[in-house]
Amino acid sequence: HDLPRNTQLYQTPRLDPSRRLLQSHVNARQSVPKELPSFSGHPEDWPAFFSTFEWSTATCAFTNAENLIRLQKALKGDALHSVHQMLVHPSNVPGVIQVLRMLYGQPEKIVNSIKNKIQLSPIVDENDLKTLTCFAINARNLISTITASNLYDELNNSSLLFDLIQKLPPSY
């Protein structure tokens, strides 16, 4: 008799015998870490997670089956919760990435997350180099993210500039 339609989700994936790794892929697999950085759903962590996923997948020619295992190990918290039910079959990997990108990979969300982090940071204390260093790192991260996201209008955002200036002591 016929199997239910959704049974295909739980079948063992068939290996493509014509699929061959190039020598460059074999070499890359020996030097590139297979593990992904963990990702728990913080938008500011998305660019590093996603670029590592894409780069390592292309460089090493990881299959959907291999990527499924990598994603199962790397995803935590809200990110894992949002795709948990999809992490059951290699054919779902493109959909998992699509959902994660929709939820966490929107450039505006990433920039806003970093802006919020700066707003919540303490005001720079001219007698404490650590506060200045933290402010400078957060500002550099924001600029890098804005630039990488092609959101150049944010660089001319007067309210953002005002918020940044408010974090500096008057003597600066």
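Residues numbered from 1 in each chain as written. Predicted model: local features only at pLDDT ≥ 70, side-chain atom pairs only at ≥ 80, totals over all residues. Heavy atoms only, no water.

Student: Describe the overall build of the protein chain, listing the residues and the values that go with them.
Tutor: If you tally the helices and strands in the protein chain, you get eight helices and zero strands. Counting from the amino terminus, helix and strand elements in the protein chain follow one another as α-α-α-α-α-α-α-α. Residues classed as buried in the protein chain amount to 34% of the 172 residues present. Within the protein chain, contacts between residues at least 6 apart in sequence are counted, and of these 64% link residues at least 24 apart. Surface accessibility of the protein chain: about 11500 Å² in total, with carbon and sulfur atoms responsible for 56%. (Helix = DSSP H or I, 4+ residues; strand = E, 2+ residues; numbered from the N terminus. Buried < 20%, exposed > 50% of the residue type's maximum accessible area, 1.4 Å probe, protein only. Contact = heavy atoms within 4.5 Å. Areas by Shrake-Rupley, 256 points an atom, 1.4 Å probe, with all protein chains shown as cover.)

Student: Please provide a residue-by-residue account of the packing of helix H2 (residues 46-60) against helix H5 (residues 93-104), values included.
Tutor: In the contact formed by H2 and H5, the axes pass within 11 Å of each other and the chain directions differ by 155°. The orientation of H2 with respect to H5, classified from their angle, is roughly antiparallel. Between H2 and H5 lies a crossing of left-handed hand. Between H2 and H5, the contacting residues are Trp 46, Phe 50, Phe 53 and Glu 54 on the first element and Val 93, Ile 97, Leu 100, Arg 101 and Tyr 104 on the second. Its residues placed into classes, the contact of H2 with H5 shows seven nonpolar, no polar and two charged. (Axes fitted to C-alpha atoms, helices over the stretch in contact; angles between N-to-C directions. Parallel < 35°, antiparallel > 145°, perpendicular 65-115°, else oblique. Left-handed = near helix turned anticlockwise from the far one by under 90°. Nonpolar A, V, L, I, M, F, W, Y, C, P; charged D, E, K, R; others polar.)

Student: Can you explain the packing of aromatic side chains? Please cite residues and give values.
Tutor: Applying the stated criterion to the full structure yields five aromatic pairs. Here the aromatic rings of Phe 39 and Phe 49 are separated by 5.1 Å at their centres, their planes lie at 20°, and the arrangement is stacked. Pair noted here: Phe 39 is in the loop between helix H1 (23-31) and H2 and Phe 49 is in helix H2, with a separation of 10 residues, a long-range link. Pair check on accessibility: Phe 39 and Phe 49 agree, each one buried. Ring centres of Phe 39 and Tyr 104 lie 5.3 Å apart, and the angle between their planes is 80°; on these two criteria the pair is classed as edge-to-face. On the criterion of sequence distance, the pair formed by Phe 39 in the loop between H1 and H2 and Tyr 104 in helix H5 is long-range, its members being 65 residues apart. (Phe/Tyr/Trp six-rings, centres within 6.5 Å; stacked < 30°, edge-to-face > 60°.)

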